[in-house]
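Read off the chains here:
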Amino acid sequence: MPKPTYILGIESSCDDTAAAVLRQDYGGVSVLSSVVMGQDELHRMFGGVVPELAARAHVEKLDLAVEEAITQSGVKLQEISVIATTAGPGLIGGVVSGVMSAKGLSAALNVPLIGVNHLAGHALSPMIEEDVPFPYLILLVSGGHCQFLIAHSADRFTRIGGTIDDAPGEAFDKAARLLGLPQPGGPNIEKAARNGDGSRIPLPRPLLNKPGCDMSFSGLKTALLRARDERLGGDNTITASDQADLAESFQGAVADILFEKSKRALQRYLEEKPAHRSFAVAGGVAANQLIRARLQEVAEEFDSKFVAPPLKYCTDNAAMIAFAGLQRFNAGEQDDMTLSARPRWPLDTQSPAMLGYGKKGAKA
Ligand code: KG4
Ligand code: ZN
């Protein structure tokens, strides 16, 4: 029987330093370890990710994350047969750190090096634990990105819509800052929203009735700022109850936009009579329970299978990078020591670039 393939994945494109080991054999692919070292503490006092600090922290933590992933996997470093690393898009300093670290390991172990598109990592993440055949429609919704993609294969994607300004995760993070909640914004808004009643403070749903599946979130953020300012007390703060109501209203508006636009995207996808009626979601914002539930409703309405990866594979992680790297490796592809970091790297190179810049640079 041929030896199994052990692939080490590395991720450092934003503020998480991550490493994972996957095993591939005749039985399929399994995740042996997935270590994520966050940097929330480091960036907390700045209210957002500071790229220079993030890059330095990646340099300090990459070796530790790899060591921990190897230890937890039970595999020896010398048994690793492939190294995959995020080569973009993302914050350039962080991506360079990961690429350099992967090159060092590849040279030392004399094994193939594979550069992975971070967005492909997210877009293929639903397949890590579930058997999801191509093609499928996927909503990729994270801190830096928001797009509807038809995944035809592991390396061919068609974008059929996306945000024209902020990504929803970015909007959640900014909204949390406006409401005095800690970063990352998404989970903290979700928590605060549990005690709130958004109907008390309605917020707009930009572009909701415009045809197509493009989205906009920046007007919603401005509306939240106004609604908050109307409620500021003499001490320049809002009450806990207003905070919860605003959080609930904001989350509801984002969920409504994603719900409505997902319906249109799925309808459009199904018009092409694809071989599989599957709708998947991935990326950090897919960790939100309300948003997951609303997207599931969309899939049910259109008699389609809904696929959402477990929460640990929604937010940034290296298991998805190793998994996407394996697909390239299995297709006979690999990179060499000329692999370079690409801050901008759209998945669908045929579609024109969308407008706007996010925390990770130009939107793909
Ligand atoms: O995919 P990810 O870890 O990093 C990027 O590639 O951007 O996504 C991070 C984003 C952050 O903006 C964070 O606020 C958001 O995902 N997020 C959430 C939740 N958990 C993380 N947004 C809404 N609800 C959540 N539960
Ligand atoms: Zn990501």
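In case you missed it, the structure is sitting above this.
Below, the structure is looked at part by part.

**Some words on helix H5 (residues 168-178)**
So, point 1. The element H5 is extensively covered by neighbouring structure, given that 8 of its 11 residues are classed as buried.
So, point 2. For H5, the complete set of buried residues consists of Pro168, Gly169, Glu170, Ala171, Phe172, Asp173, Ala175 and Ala176.
So, point 3. Just beyond H5, the residue with positive phi is Gly180, at close to 75°.

**Quick word on the nonpolar core**
So, point 1. Leu137, Leu139, Ile189, Phe250, Leu258 and Phe279 are the most contacted members of the largest nonpolar core, which totals 53 residues.
So, point 2. Elements with a contribution of two residues or more to this core: strand E6 (136-141), strand E7 (146-153), H5, helix H6 (185-193), helix H7 (218-230), helix H8 (240-271), strand E9 (278-282) and helix H9 (289-301).
So, point 3. The element best represented in this core is H8, accounting for 13 residues.
So, point 4. Ignoring any residue separated from it by four or fewer positions in sequence, one finds Phe250 in contact with Ala171, Phe172, Ala175, Ile189, Leu203, Leu220 and Leu224.
So, point 5. Counting residues in hydrophobic clusters, the runner-up holds 34 residues, among them Ala18, Leu22, Leu119 and Ala318.

**A short note on the site of ligand 1**
So, point 1. Surrounding ligand 1, one finds 22 residues, the nearest of these being Gly143, Asp173, Gly186, Glu190 and Asp316.
So, point 2. Separating an oxygen atom of ligand 1 from a side-chain N or O atom of His118 is a distance of 3.3 Å.
So, point 3. Here a nitrogen atom of ligand 1 and a side-chain polar atom of Asn288 are 3.1 Å apart.
So, point 4. Contact with the protein chains hides 93% of the accessible area of ligand 1, taken as 560 Å² for the molecule alone.
So, point 5. Residue assignment for the shell around ligand 1 shows that the elements contributing at least two residues are helix H4 (118-124), H5 and H6.

**Describing the state of the cysteines**
Linking two cysteines covalently through their sulfur atoms gives a disulfide.
So, point 1. The full count for this structure, using the stated rule, is 0 disulfides.
So, point 2. Free cysteine: Cys146, not disulfide-bonded; nearest cysteine sulfur from Cys213 at 10 Å.
So, point 3. Cys314 carries a free sulfur, and the closest cysteine sulfur to it, the one in Cys146, is 14 Å from it.

**Here we look at the coordination of the zinc ion (ligand 2)**
So, point 1. Of the protein atoms, only His118 (NE2), His122 (NE2) and Asp316 (OD) coordinate the zinc ion (ligand 2), at distances of 2.0 to 2.1 Å.
So, point 2. Given 4 donor atoms and angles of 95 to 135° at the metal, the environment of the zinc ion (ligand 2) is assigned as tetrahedral.
So, point 3. If you list the donors of the zinc ion (ligand 2) from N- to C-terminus, the spacing comes out as H-x3-H-x193-D. Of the two residues, His118 and His122 both sit in helix H4, 4 residues apart, roughly one turn of that helix. Of the two residues, His118 and His122, both sit in the buried class.

**Notes on the sheet that holds strand E2 (residues 16-25)**
So, point 1. Spatially, the 5 strands line up as an open sheet ordered E3-E2-E1-E4-E5, and their pairing is mixed. Taken across any chain shown, the strands that pair with only one partner, and hence form the sheet edges, are strand E3 (28-38) and strand E5 (113-117). Between one strand axis and the next, the sheet turns by 20° as a mean value, whatever way the strands run.
So, point 2. Relative to E5, strand E4 (residues 82-88) is paired through 5 bridges, and the arrangement is parallel. In the strand pairing of E5, Thr86 is matched with Val116.
So, point 3. Packed onto the sheet, helix H2 (residues 51-73) meets strand E1 (5-11), E2 and E3 and runs at close to 30° relative to E2.
So, point 4. The sheet contacts of helix H3 (residues 92-109) involve E1, E4 and E5, and relative to E4 the element is tilted by about 160°.

**A word on the sheet that holds E9**
So, point 1. Strand order in the open sheet formed by 5 strands is E8-E7-E6-E9-E10, with mixed pairing between adjacent strands. The outermost strands of the open sheet, each flanked by one partner alone, are strand E8 (156-162) and strand E10 (305-307). Each adjacent strand pair in this sheet contributes to an overall mean axis angle of 25°, direction not counted.
So, point 2. Inspection of the sheet shows E6 paired to E7 by 6 bridges, in the antiparallel sense. Paired with Ile138 across the strands is Leu149, a residue of E7.
So, point 3. Set on the sheet, H9 makes contact with E6, E9 and E10; between it and E10 the angle comes to about 155°.

About the criteria used
Residues numbered from 1 in each chain as written. Chains lettered and ligands numbered in written order. Predicted model: local features only at pLDDT ≥ 70, side-chain atom pairs only at ≥ 80, totals over all residues. Heavy atoms only, no water. Buried < 20%, exposed > 50% of the residue type's maximum accessible area, 1.4 Å probe, protein only. Helix = DSSP H or I, 4+ residues; strand = E, 2+ residues; numbered from the N terminus. Core = buried A, V, L, I, M, F, W, Y, C linked by side-chain atoms within 4.5 Å. Contact = heavy atoms within 4.5 Å. Near = heavy atom within 4 Å. Polar contact = N/O pair within 3.5 Å; in protein donor to acceptor, adjacent residues only side chain to side chain. Areas by Shrake-Rupley, 256 points an atom, 1.4 Å probe, with all protein chains shown as cover. Disulfide = S-S within 2.5 Å. Donors = N, O, S within 2.8 Å, 3.2 Å for Na, K, Ca; no water. Tetrahedral: all angles 85-135°; square planar, octahedral: opposite > 155°, others 65-115°. Pairing = 2+ DSSP bridges. Axes fitted to C-alpha atoms, helices over the stretch in contact; angles between N-to-C directions.

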